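# Close look at the chain arrangement
So you can see what is in the structure, the chains are spelled out below.
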Amino acid sequence: MLDLSYVYDVPIPNQFAASLQILKTGHALTEQGHGFKFFCSNPIRKPVSWLRTLGIPTSHKIEIHPIRPGRLLQPIVRQRVRRLVFAYSSLGDPDCIIARGPALINVLQVQKPSRPPVIAEIHRLEWVAANEAYAGRRLGARADPLTKRIAQIKQREQSALALADGYLFVSEGVRAAATQAFRLPDKPASVAPSGVASRVRSISEVGGPVDVVFLGKIERRKGVHTAIAVLKYLQNSRLAVIGDGDWMGEAQALAASLGVKNRVEFTGYVPPSRVAGHLARAKIALCPLPADLDSVSAEYTSPMKIVDYMAAGVPVVATDLPSVREAVGCPAAACLVPSDDPQAMADCVAELLEDPDHRQRLIEAGHSMLSARSWNARADIIANLAEEVVTARSK
């Protein structure tokens, strides 16, 4: 059994999907007998009630600790991202460290001969995110850095990743991009997509029935604008938008401008433990990720909402993008339509609303995918990779 430390600079509690993914995976690891310590920024002392909203029992064995920074430097990507430099001693004495985001780069840059092996968990390329934020559109990993500062971010990220002992990618898409952009050395590597609970067998519906549901952060890069626009082409259908985010005001204004305000229900943030009840209200679920806004949505992500829909037994209509095709896995498990085309998505939804047999086939195909996408399966991938990294270091 391994003692693992996970480092990610986020406050606790929060509403981020990343924290849900980390903590559900950590709980699965502890259930398998591994130790799991989560190092984050500004955690409350005993987040028991918050963990319960994530579906993690009070008997959990996860340890949550604050990162203890030695000093704070200027942000490297956007003003809200901090660079933290800290001593390895603050992480205890783990067999292996897993780190993500800017915290990963700092863990790798603080080099000590006796440091534990480090696995870099990669969900996006920081320099590509900075490049696309500067350009305001998707550019990909083949584009050149647009500014000197972004070139420095790329060099710093590449230098740090070369020091990692192994790599954990959230998707094959981000694995291909990182390998191409950074020419990563031949070291242990695995892909662990977003997980989900096994099939939800007992769901108490929350609220009245709706035809269509969208789950996720209320941002344009999540495609909520397309989900709302779908109603323009579906007379009398109702949509539930589950989630919160910075674009909430714009989303509500869009619904009003399209004349569908009275047919869209904005629930706001819903705790993960209650999400299935909201999904169960719907006949069809949407994942309308856009193609042109950023590489994360189009290529790198492993959309957690897709497996959440499948687990709740709701058929999926999604945009036909590399990230979505990888997450869906089986062509029979979802209906895919062109991205950024609300009419095409609406036409597909309309056909499914009239065809309950097709909806049932989609549900059954989705359920067949869940065992490979469980939190236990994700924990197995990570534990096996950590064993390989620790063994390689000891040789």
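Residues numbered from 1 in each chain as written. Predicted model: local features only at pLDDT ≥ 70, side-chain atom pairs only at ≥ 80, totals over all residues. Heavy atoms only, no water.

### Re the overall build of the chain
The secondary structure content of the chain amounts to 15 helices and 15 strands. Here the C-alpha atoms of the chain give a radius of gyration of 21 Å, agreeing with the 21 Å that 2.2 N^0.38 yields for 395 residues. For the C-alpha atoms alone, the extent of the chain along its principal axes is close to 65 × 50 × 35 Å. Residues classed as buried in the chain amount to 55% of the 395 residues present. A separation threshold of at least 6 residues defines the contact pool for the chain, and within that pool the share at least 24 residues apart is 71%. If you sum the accessible surface of the chain, you get close to 17100 Å²; carbon and sulfur atoms cover 48% of it. Within the chain, one finds 47 positive and 38 negative side-chain charges whose respective centroids are separated by 7 Å. (Helix = DSSP H or I, 4+ residues; strand = E, 2+ residues; numbered from the N terminus. Rg over C-alpha atoms; globule rule 2.2 N^0.38 Å. Buried < 20%, exposed > 50% of the residue type's maximum accessible area, 1.4 Å probe, protein only. Contact = heavy atoms within 4.5 Å. Areas by Shrake-Rupley, 256 points an atom, 1.4 Å probe, with all protein chains shown as cover. Lys, Arg positive; Asp, Glu negative; His and termini not counted. Charge placed at Lys NZ, Arg CZ, Asp CG, Glu CD.)

### Side note on helix H1 (residues 17-31)
Because each turn of an α-helix spans 3.6 residues, side chains separated by three or four positions in sequence point in the same direction. With 15 residues, H1 should reach 21 Å at 1.5 Å per residue; the first-to-last C-alpha distance of 21 Å fits that figure. Counting buried residues in H1 gives 13 out of 15 residues, a clear majority hidden from the surface. The positive-phi residue at the C-terminal boundary of H1 is Gly33, with phi of around 105 degrees. (Expected span 1.5 Å × (residues − 1).)

### Topic: the pattern of salt bridges
Inspection of every chain in the model, using the stated rule, returns 9 salt bridges. Among the ionic pairs, Glu126 bridges to Arg124, the shortest N-O distance being 3.0 Å. Using a relative accessible area of 7% as the deciding quantity, one classes Glu126 as buried. Each of the salt bridges in this network shares a partner with another, and the network as a whole consists of Arg115, Asp165 and Arg393. (Salt bridge = Lys/Arg side-chain N within 4 Å of Asp/Glu carboxyl O.)

### As for the packing of aromatic side chains
Taken as a whole and judged by the stated rule, the model has 3 aromatic pairs. Measuring from ring centre to ring centre gives 6.2 Å for Tyr6 and Phe36, while their planes differ by 40 degrees; the resulting arrangement is tilted. Of this pair, Tyr6 sits in strand S1 (residues 3-12) while Phe36 is found in strand S2 (residues 35-43), placing the two residues 30 residues apart along the sequence. Across the pair, exposure class does not vary: Tyr6 and Phe36 are buried alike. The interplanar angle of 70 degrees and the centroid separation of 6.0 Å between the aromatic rings of Tyr6 and Phe38 together place this pair among those described as edge-to-face. (Phe/Tyr/Trp six-rings, centres within 6.5 Å; stacked < 30°, edge-to-face > 60°.)

### Some remarks on the confidence of the model for the chain
For the chain, mean pLDDT is 90; residues scoring 70 or higher make up 90% of the total. Here residues 70-89 scores under 50 on pLDDT; set against residues more than four positions off or in separate chains, the count is 52 contacts. (pLDDT = per-residue confidence, 0-100.)

### Section: the state of the cysteines
Scanning all chains against the criterion turns up 0 disulfides. The thiol of Cys287 is not disulfide-bonded; the next cysteine sulfur, from Cys348, is found 13 Å away. (Disulfide = S-S within 2.5 Å.)

### Description of empty space enclosed by the protein
Tallying each qualifying case throughout the model produces 2 cavities of 30 Å³ or more. Its boundaries defined by the atoms lining it, the largest cavity holds a volume of some 50 Å³. Looking at the lining of the largest cavity, the elements with two or more residues in it are H1 and helix H15 (375-394). When residues in the lining of the largest cavity are grouped by element, the largest group, 3 residues, is from H1. By residue class, the composition of the lining of the largest cavity is 6 nonpolar, 1 polar and 2 charged. For the second largest cavity, the calculated volume is near 30 Å³. Take the lining of the second largest cavity: its biggest share by element is 3 residues, from helix H14 (residues 356-368). Broken down by class, the residue content of the lining of the second largest cavity amounts to 7 nonpolar, 2 polar and no charged. (1 Å grid on protein atoms, 1.4 Å probe; cavity = no way out; pocket = protein on both sides within 12 Å on 5 of 7 lines; lining within 4 Å. Points joined across faces, edges and corners; volume = space filled by probe spheres on them. Nonpolar A, V, L, I, M, F, W, Y, C, P; charged D, E, K, R; others polar.)

### Topic: the side chain of His60
With respect to the helices, strands and loops of the structure, His60 is situated in the loop between helix H2 (48-53) and strand S3 (63-66). Polar side-chain contacts of His60 include one of 3.1 Å to the backbone nitrogen of Ile62. Discounting residues that sit within four places of it in the chain, His60 has contacts with His27 and Leu51. (Polar contact = N/O pair within 3.5 Å; in protein donor to acceptor, adjacent residues only side chain to side chain.)

### A short note on the packing of helix H4 (residues 126-135) against helix H5 (residues 148-161)
Relative to each other, H4 and H5 sit at 165 degrees, their axes nearing to 8 Å. Judged by the angle between their axes, H4 and H5 are roughly antiparallel. As for how H4 packs across H5, the hand of that crossing is left-handed. For the pair formed by H4 and H5, the contact residues are Glu126, Trp127, Ala130, Asn131 and Tyr134 on the first element and Ile150, Ile153, Lys154 and Glu157 on the second. By residue class, the composition of the contact of H4 with H5 is 5 nonpolar, 1 polar and 3 charged. (Axes fitted to C-alpha atoms, helices over the stretch in contact; angles between N-to-C directions. Parallel < 35°, antiparallel > 145°, perpendicular 65-115°, else oblique. Left-handed = near helix turned anticlockwise from the far one by under 90°.)

### Focus on the pairing of strand S11 (residues 239-242)
Burial along S11 is two-sided: the face carrying Leu239 and Val241 and the face carrying Ala240 and Ile242 are both buried. Inspection of the sheet shows strand S10 (residues 210-215) paired to S11 by 4 bridges, in the parallel sense. Bridging from a neighbouring strand, Val213 pairs with Ala240 of S11. In this structure, S11 lies alongside strand S12 (residues 264-268), joined through 4 bridges in parallel fashion. By the bridge assignment, Val241 is partnered in S12 with Phe266. One crossover worth recording links S11 to the parallel S12 by way of helix H8 (residues 248-257), and it is right-handed. (Pairing = 2+ DSSP bridges. Right-handed = clockwise from strand over helix to strand, strands pointing away.)

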